[in-house]
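# Results of the structural survey
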Amino acid sequence: MGIILGALAAVTAAAVGVIKAVAIVGLAIDGIRKIADSIMGLGKSLGLINPEVEVDELGDKALQAEEAGIHPGGFPSYAEYFKKVEDYELDPEKSKEFSEEEKMRKGMELSAGIAIEAYEGFPMEELCIAVGKNPEFFTEAKIQEIGKLVCQDGQYVSDIVGYINGTEKNDSKVEAAIQMLTEVEKAADHGKSEKEALQSVLGLRE
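This section reports on the structure supplied with the text. (Residues numbered from 1 in each chain as written. Predicted model: local features only at pLDDT ≥ 70, side-chain atom pairs only at ≥ 80, totals over all residues. Heavy atoms only, no water.)

Moving on, we come to the overall build of the protein chain. Across its full length, the protein chain carries 11 helices and 0 strands. Put simply, the protein chain runs from its N terminus to its C terminus through helices and strands in the order α-α-α-α-α-α-α-α-α-α-α. Its C-alpha atoms give the protein chain a radius of gyration of 17 Å, near enough to 17 Å, the size a compact globule of 206 residues would have. Judged by the C-alpha coordinates and their principal axes, the protein chain covers about 55 × 40 × 30 Å. Intrachain contacts of the protein chain at a sequence separation of at least 6 include 71% that bridge at least 24 residues. Per element, the accessible surface of the protein chain, about 10000 Å² overall, is 52% carbon and sulfur. (Helix = DSSP H or I, 4+ residues; strand = E, 2+ residues; numbered from the N terminus. Rg over C-alpha atoms; globule rule 2.2 N^0.38 Å. Contact = heavy atoms within 4.5 Å. Areas by Shrake-Rupley, 256 points an atom, 1.4 Å probe, with all protein chains shown as cover.)

Below is the structure:
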């Protein structure tokens, strides 16, 4: 039981860490929404989040559930906590008590948490920073393509993030990340040539 609770605490802390990382990037509310929508879009593409739910709605439910005493620590897994929140019935009057940004941030936190638990070692915090710094690249279609890579092997995303933020120095991993991102670019925008897609990807490197 102690191991389970420890793992849950780690997931919860990592999810909160994502929100703190986004705050450090210093984005305006539109930028925050871009990241929040991207994380939720990733969760949806991985089959972890109901396709019908919106990030503000999820955050609203989580905030209201929190006031009702529903917290991650009260469940055996983050997935079970997430499910409880997803099924929570909103009180329209209480919804007025929370700002749009509060709802978005909370929705982002839960979307991050469910993915972090499902894919151990997933670099969610680093991915969010990459999305925040490159909003023009990380469109909804590209996030869906990245979701496909996660389903194959979560390490692919670690390599991609490492390439973008400059921390990955292994030449073979850098080359593989460039190739994967080029394929993501082409799959999301069928009109782009190999050369155009590659130029876009090379421009991501910090």
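Read on, since the account is not over.
Under the defined criterion, the tally for this structure stands at 3 aromatic pairs. Pairing F75 with Y81 gives two aromatic rings, centres 5.9 Å apart and planes at 55 degrees, and the pair type is tilted. Ring geometry for F137 against F138: centres 5.1 Å apart, planes inclined by 80 degrees, an arrangement best described as edge-to-face. Relative accessible area serves as the criterion here: at 3%, F137 is assigned to the buried category. Classification of F138 as buried rests on a relative accessible area of 0%. It is K142 that lies over the ring of F137; its NZ or CZ is 4.1 Å from the centre. (Phe/Tyr/Trp six-rings, centres within 6.5 Å; stacked < 30°, edge-to-face > 60°. Buried < 20%, exposed > 50% of the residue type's maximum accessible area, 1.4 Å probe, protein only. Lys NZ or Arg CZ within 6 Å of the ring centre and 35° of its normal.)

What follows covers the packing of helix α2 (residues 29–45) against helix α7 (residues 124–133). Across the interface, α2 lies against α7 with an axial gap of 9 Å and an inter-helix angle of 130 degrees. One way to sum up the angle between α2 and α7 is to call them oblique. Crossing of α2 over α7 shows right-handed handedness. Judged by residue contacts, K34, I35, S38, I39 and L42 of α2 engage M124, L127, C128, V131 and G132 from α7. (Axes fitted to C-alpha atoms, helices over the stretch in contact; angles between N-to-C directions. Parallel < 35°, antiparallel > 145°, perpendicular 65-115°, else oblique. Left-handed = near helix turned anticlockwise from the far one by under 90°.)

What follows covers the side chain of K61. Structurally, the position occupied by K61 is in helix α3 (residues 55–67). Judged by relative accessible area, which is 10%, K61 ranks as buried. Among the polar contacts listed, one links the side chain of K61 to the backbone oxygen of E86, at a separation of 2.7 Å. Discounting residues that sit within four places of it in the chain, K61 has contacts with V85, E86, Y88 and L90. (Polar contact = N/O pair within 3.5 Å; in protein donor to acceptor, adjacent residues only side chain to side chain.)

Bringing the packing of helix α8 (residues 140–152) against helix α9 (residues 155–165) into the picture now. Look at α8 against α9: their axes get within 7 Å of each other, and the N-to-C directions meet at 125 degrees. Put simply, α8 runs oblique to α9. Residue-level inspection shows I146, L149, V150 and Q152 of α8 in contact with α9, the latter providing Y156, V157 and I160. Here the contact of α8 with α9 is built from residues that sort into 6 nonpolar, 1 polar and no charged. (Nonpolar A, V, L, I, M, F, W, Y, C, P; charged D, E, K, R; others polar.)

All we've got here are geometric facts, nothing functional implied.
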